[in-house]
Amino acid sequence: MLRLIIALLLVGVTVPRGVAADRPNIIFIMSDDHAAHAISAYGSRINRTPHLDRLAREGMLMQNVFATNSICTPSRATILTGQYSHLNGVPVFNRFDRSRQTVAHLLQGGGYHTAMIGKWHLGSDPAGFDHWEILPGQGAYVDPVLYTATGERTYSGRYVTDVVTDLAIEHLKGRPRNQPFFMMLHHKAPHRPWDPDTAHRAQFADRWIPEPDTFWDAYTTRSDALRENEQRVADDLTRRDLKVQPPPGLEGKALTEWLAVKPDSVVVSRDGQTVTLSGEALARWKYQRYMQDYLATVQSLDDNIGRVLAFLEEAGLAQNTIVVYTSDQGFFLGDHGMYDKRFMYEESLRMPFLARWPAGIAAGSRSDAIAINADFAPTFLEAAGVPVPPGMQGRSLLPILQGRTPPDWRTSMYYRYYHDPGHHNTRAHYGVRTQTHKLISYWKKKQWELFDLVNDPHELHNLYGQPGQEKLQEALEAELLRLKRSVGDEDQFADEQPPAGVDGPVGKLRGK
Ligand code: CA
């Protein structure tokens, strides 16, 4: 305790009351677009992820952790602030106002050494970190550039997931020893365009991936919003996504335009013969190409998480370090015929959430409590003994992680998606999910969807307006309204266009 007090005094911080001498380190590992159903601990039918499975085996797997707005930048802003999109100023791809209070500021002020390595994607420079090293924007898979507050470096000939891991481990080796640390380690993978490194590409090149049960979903009974989506494997993947080889000699703008085409036929070589694929055969081929690359980038991620776990052990840090693994949202892996996220359907809504802390979380534990990404910041603050400010809307998951789910824990969650039409012609919507049901309102279309998640886990049968559902419908509509009000969403964005946020001239910001 004495050492901690001296350390805190040295950095000019008042020791918070009740702070334990052995406050845990925290490593928050977040990938981008990694669906829980591409992790074997979550029952994946398509791949094996031994290192992520190890986190589940040695810690807790949370089954029902949901993004409150299933898209990259908004989820990141919610994680940092503990607030829903309508309060944190980032409902779409707005630039995050770096003067806002975040979990990083609070932990830094509470005596933690704070670091952010990897994909930031919030349009402004990170704040509240003693050290940061980030990919600009989406970043590159190969030869990545990383920015710091003072400079930039290109990692020629290197693969981004390896580089980000190297930087994180190197930073931890040189960290100040008189403070606990909080590290955000954010990977680009497995975000589109799913470029694997050579070894993992080879590993998956000939792999046949089973199609999901809903690959050929015809969208009967569902809203027009689903029918209008432009994130379909069969129709919307580009030559770039599918890694179709361009004709020789094409370059510059002509090459970019050629790669952006969504092909309706593709020539492939099969058993020594040249075959032209179209229609159903082409859709199946596209799914294989998409998933082979997606899963190859996931495998590299899993390998690199293994490296971080090995480092923690070698450094004697494993016992009192909370390691969390999540992704900024889920992803459609051919489910309902789609890729991407945005919709409130399960595959996109669900975030993987694995937490290992040998000193504080029982090995092999599981929870199906309903959690949201706004809960992460309060969780880290409570674990660090730093008070959670009243403006945060999430609630600490620490009691759940320690097997003591509070009796008044939430039984439903509120969701709202704004980016309409966005990159994939996806309609704005909001909704409520309970342990058993989901109600979605596509308010611009005045259309609703209601699903019984117990009897219809794939969300294929819209019950809204069906005879016999009146009471259920009424109860869920009331719950949706209650939640909307309780989080302070006063509907200020309902007039179609989301707010401009703080977007404007980017100037010299490095994190744009
Ligand atoms: Ca994402």
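Residues numbered from 1 in each chain as written. Predicted model: local features only at pLDDT ≥ 70, side-chain atom pairs only at ≥ 80, totals over all residues. Heavy atoms only, no water.

A. Molecular detail of the sheet that holds strand β18 (residues 437–442). The strand order across the open sheet formed by 4 strands is β16-β17-β18-β19, and the pairing between neighbours is antiparallel. The sheet is open, and its two borders are formed by β16 (412–417) and β19 (447–452), each paired with just one other strand. Strand after strand, the sheet turns through a mean of 10 degrees between neighbouring axes, direction not considered. Pairing of strand β17 (residues 429–434) with β18, which is carried by 4 bridges, proceeds in the antiparallel orientation. Pairing of Y430 across the sheet is with S441, part of β18. (Pairing = 2+ DSSP bridges. Helix = DSSP H or I, 4+ residues; strand = E, 2+ residues; numbered from the N terminus. Axes fitted to C-alpha atoms, helices over the stretch in contact; angles between N-to-C directions.)

B. Looking closely at the coordination of the calcium ion. Looking at the calcium ion, the protein donor atoms are D32 (OD), D33 (OD), C72 (SG), D328 (OD), D328 (OD) and Q329 (OE1), and they sit 2.1 to 2.6 Å from it. Geometry at the calcium ion is irregular, judged from its 6 donor atoms and the angles of 52 to 164 degrees they form at the metal. What makes D32 buried here is its relative accessible area of 0%. Take C72: its relative accessible area is 2%, and that puts it in the buried class. (Donors = N, O, S within 2.8 Å, 3.2 Å for Na, K, Ca; no water. Tetrahedral: all angles 85-135°; square planar, octahedral: opposite > 155°, others 65-115°. Buried < 20%, exposed > 50% of the residue type's maximum accessible area, 1.4 Å probe, protein only.)

C. Examining helix α2 (residues 50–58) more closely. Along α2, the residues classified as buried are L52, D53, R54, L55 and A56. Packing partners of the buried residues in α2 comprise β2 (60–62), α12 (279–314), β11 (321–327) and β13 (353–356). (Contact = heavy atoms within 4.5 Å.)

D. Quick peek at the sheet that holds strand β15 (residues 371–372). Sheet architecture is open: 3 strands sit in the order β12-β3-β15, paired in mixed fashion. Every interior strand has two partners, whereas the edge strands, β12 (350–351) and β15, have only one. Here strand β3 (residues 65–66) pairs with β15 via 2 bridges, running parallel. Opposite V65, over in β15, you have A371 as the bridge partner.

E. Local environment of the pattern of salt bridges. Enumeration according to the criterion identifies 36 salt bridges in this entry. The shortest N-O distance in the salt bridge between D195 and R240 comes to 2.7 Å. With D195 in the loop between β8 (181–186) and α7 (198–204) and R240 in helix α10 (residues 239–242), the pair connects residues that are 45 residues apart, well separated along the chain. For D195, a relative accessible area of 13% gives the class buried. Here R240 falls in the partly exposed class, since its relative accessible area comes to 31%. Between D340 and K341 there is a salt bridge whose closest N-O contact spans 3.7 Å. In this structure, D340 and K341 share a single accessibility class: buried. (Salt bridge = Lys/Arg side-chain N within 4 Å of Asp/Glu carboxyl O.)

F. Broad picture of the nonpolar core. Counting 86 residues, the largest nonpolar core has F182 and F353 as its most contacted members. Considering every element that reaches this core, the biggest residue donor is helix α6 (residues 160–173), with 7 residues. (Core = buried A, V, L, I, M, F, W, Y, C linked by side-chain atoms within 4.5 Å.)

G. View of the environment of V233. Examined against the element boundaries, V233 turns out to sit in helix α9 (residues 233–236). Separated by 105 residues in the primary sequence, V233 and M338 have C-alpha atoms spaced 5.3 Å apart.

H. Just the packing of α2 against α12, in detail. Packing of α2 against α12 leaves a shortest axis separation of 7 Å and a crossing angle of 50 degrees. In terms of orientation, α2 and α12 fall into the oblique class. Residues P50, H51, L52, R54 and L55 of α2 touch α12, and the partners they reach there are Q299, D302, D303, I305, G306, L309 and E313. For the contact of α2 with α12, a count of residues per class yields 5 nonpolar, 3 polar and 4 charged. (Parallel < 35°, antiparallel > 145°, perpendicular 65-115°, else oblique. Nonpolar A, V, L, I, M, F, W, Y, C, P; charged D, E, K, R; others polar.)

I. Structural detail: the domain arrangement of the protein. Domain annotation of the protein identifies domain 1 (23–195 + 297–400) and domain 2 (428–509). On the side of domain 2, 32 residues touch domain 1, which itself brings 29 residues to the contact. Taken over both partners, the interface formed by domain 1 and domain 2 buries close to 2,100 Å², and the fraction arising from carbon and sulfur atoms is 55%. The largest per-residue losses of area from domain 1 upon contact with domain 2 belong to H86, R95 and M344, which jointly make up 35% of the total buried on that side. On inspection of domain 1 and its partner domain 2, the count reaches 2 salt bridges. Of the charged contacts in the structure, one is a salt bridge between E346 and R433, with a shortest N-O distance of 2.7 Å. Summed over the shared surface of domain 1 and domain 2, the number is 14 residue pairs in polar contact (both at pLDDT 80 or more). Among the secondary structure elements, those contributing two or more residues to the side of domain 1 that touches domain 2 are α4 (85–88) and α13 (346–349). With 3 residues, α13 is the single largest residue contributor to the side of domain 1 that touches domain 2. Residues belonging to the side of domain 1 that touches domain 2 are distributed by class as follows: 13 nonpolar, 8 polar and 8 charged. (Domains from an automatic or database assignment. Buried area = accessible area lost by both parts, 1.4 Å probe. Polar contact = N/O pair within 3.5 Å; in protein donor to acceptor, adjacent residues only side chain to side chain.)

J. Expanded view of the pairing of strand β5 (residues 131–135). Among the 5 residues in β5, 4 count as buried, and that is most of the element. In the sheet, strand β4 (residues 113–119) pairs with β5 via 5 bridges, with the strands oriented parallel. Note on β5: the bridge partner recorded for G118 is I134.

K. Structural detail: helix α16 (residues 470–486). Across its 17 residues, α16 extends 24 Å between first and last C-alpha, which sits within 8% of the 24 Å expected from 1.5 Å per residue. Among all positions in α16, only Q473, L476, E479, L480, L483 and K484 are buried. In an axial view of α16, the angular spread of the buried residues amounts to 135 degrees, which keeps them on one side of the axis. The exposed set on the far side of α16, more than 90 degrees from its buried face, consists of K471, E474 and R485. On the buried face of α16, the contacting elements are β16, β17, β18 and β19. Following α16 by one or two positions, G488 has its phi on the positive side, about 80 degrees. (Expected span 1.5 Å × (residues − 1). Arc of directions from axis to C-beta.)

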